[in-house]
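# Fold and geometry: a report
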Amino acid sequence: MYALADCNNFYASCERVFDPSLEGRPVLVLSNNDGCVVARSNEAKALGIGMGQPVFEIRDIIREHAVAVLSSNYTLYDDMSRRVFTTLQRFSPELESYSIDEAFLDMDGFGGRDLVAHCRVARATVQQWTGIPISIGLGSTKTLAKLANHLAKRSAKSGGVVMMPRGIEGDAACGKIDVGDVWGIGRRWARTLRAHGIRTALQFRNADERWIQRRLNVVGLRTMLELRGIPCLHLERQPPPKQSIVRSRSFARPVETWNAMDEAIAAYATRAGEKLRMQGSVAGVLTVYMTTNWFSRTDARYANHATIEFPVATDDTITLIRHARSAAKRIWKQGFRYKKAGIRLSGIHPRHHAQLHLFNDTTPATARAMQVLDAINRSMGAGTLHPASLGIDRQWLTRRNHRSPRYTTRWDELPPAWITPDRCRKHRHSPGD
């Protein structure tokens, strides 16, 4: 038996934890550079605001309905996610972090315990300890747990927890779920299935296996079998290392000078190096790319990329910056207004599998320096210590004009708590206490 715990409107819920004035108001969280909607509260959804909708299209709705608009605060969301998952592990230590706001839990080994009641206690504890509301779906496979979670979010009577029913009730539930809402069925597959008369999860579950494998390959077949209660996807207790790492952002304003581009590329290389070391990997190939705004009617268009293959795979930030700047210099052209740039690391494999080179310039001292760099930034906050090549002014940084404080990870952004003198007198203890 699996459980899927999914945080409700996660980004908006994180903001509400520290700003109670947002309760009951429509809340929007925006993408990088405050361009599009990436998260909505239920109140904002009720206004017809769509996911990914550009902000300029809904300015009248924002003004008319006093919609709270916030920039994305990923530092806060990451830490709140960690707190939610740590709390959930008290109710099932076997947990797979599927995304920033979703986690699968292995519910086997609980004997005759009422799993729905157990999950309701877990849900209430997460709400009390973190302030984040969650929904939990239970099923004999991960796909069925996903469907049960889908039902939990839409049923006011469920109390936020649903176990996927079986038999006639299960058929009725699957018959009400659109095939496009089945986990693993993307838009293209959903169009194919609807074109052949398969519109619900029940119809998909009961379709011919050979036809599904022919049309949707073995991945689609596994999804079908999971809907039938046959486990094909098991809990990934340790997520597999990433085979490529991409760091890229749109600039707050167009970059027109090499110095600004140089700083941005160095920043992306620094972050990519941190990601490599976090998963214990090294990279053998680095690609740098940059592009202008292809939707501009006035700016000239240009896009290019350059790739460098390292003689020795590395996770050293200084080495990554040096090669990234060299590659960027090869494709840089003055006179363009660049909208976006980034780097991609590939050829990734575990650090202890790296093939050394006779003239390897990475020393134990270099590796130790990276360990110290990461340790300081973990304890004091990201970016506390960084290479000087990242610059100081950094006007190219992503625009976040409405970002809330990073309440849980920055000392200088902790929320203040005010205690009045009257309250102090009310709770004053006697000398014997």
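Residues numbered from 1 in each chain as written. Predicted model: local features only at pLDDT ≥ 70, side-chain atom pairs only at ≥ 80, totals over all residues. Heavy atoms only, no water.

## Quick word on the packing of helix α6 (residues 142-154) against helix α10 (residues 209-227)
Packed helix pairs are specified by the crossing angle of their axes together with the interaxial distance, meaning the distance between the axes. Look at α6 against α10: their axes get within 7 Å of each other, and the N-to-C directions meet at 70°. Our classification of the angle between α6 and α10 gives roughly perpendicular. Once α6 is placed against α10, the crossing between them reads as right-handed. Counting all contacts with α6, which are made through Lys142, Thr143, Leu144 and Leu147, the residues of α10 involved are Thr223, Glu226 and Leu227. For the contact of α6 with α10, the residue count by class is 3 nonpolar, 2 polar and 2 charged. (Axes fitted to C-alpha atoms, helices over the stretch in contact; angles between N-to-C directions. Helix = DSSP H or I, 4+ residues; strand = E, 2+ residues; numbered from the N terminus. Parallel < 35°, antiparallel > 145°, perpendicular 65-115°, else oblique. Left-handed = near helix turned anticlockwise from the far one by under 90°. Contact = heavy atoms within 4.5 Å. Nonpolar A, V, L, I, M, F, W, Y, C, P; charged D, E, K, R; others polar.)

## Some details on empty space enclosed by the protein
Going through the model one piece at a time under the given rule, you end up with 1 cavity of 30 Å³ or more. Empty space within the largest cavity amounts to approximately 50 Å³. Lining the largest cavity are Ala3, Leu88, Phe91, Leu105, Met107, His118, Cys119, Ala122 and Ile136. Of the residues in the lining of the largest cavity, the class split is 8 nonpolar, 1 polar and no charged. (1 Å grid on protein atoms, 1.4 Å probe; cavity = no way out; pocket = protein on both sides within 12 Å on 5 of 7 lines; lining within 4 Å. Points joined across faces, edges and corners; volume = space filled by probe spheres on them.)

## Examining the sheet that holds strand β7 (residues 134-139)
Paired through their backbone hydrogen bonds, the strands of a sheet run either parallel or antiparallel. The 5 strands lie next to each other as β5-β6-β1-β7-β8, forming an open sheet whose pairing is mixed. Of all the strands in the sheet, the pair left with one neighbour each is β5 (95-99) and β8 (161-163). Neighbour-to-neighbour, the strand axes of this sheet turn through a mean angle of 20°, independent of strand direction. Note: strand β1 (residues 2-7) against β7, 6 bridges, orientation antiparallel. Following the sheet pairing, Ala3 is matched in β7 by Leu138. Here helix α5 (residues 115-130) sits on the sheet in contact with β7 and β8, set at roughly 160° to β7. Taken strand by strand, α6 contacts β1, β5, β6 (102-106), β7 and β8, and its axis lies near 140° from that of β7. (Pairing = 2+ DSSP bridges.)

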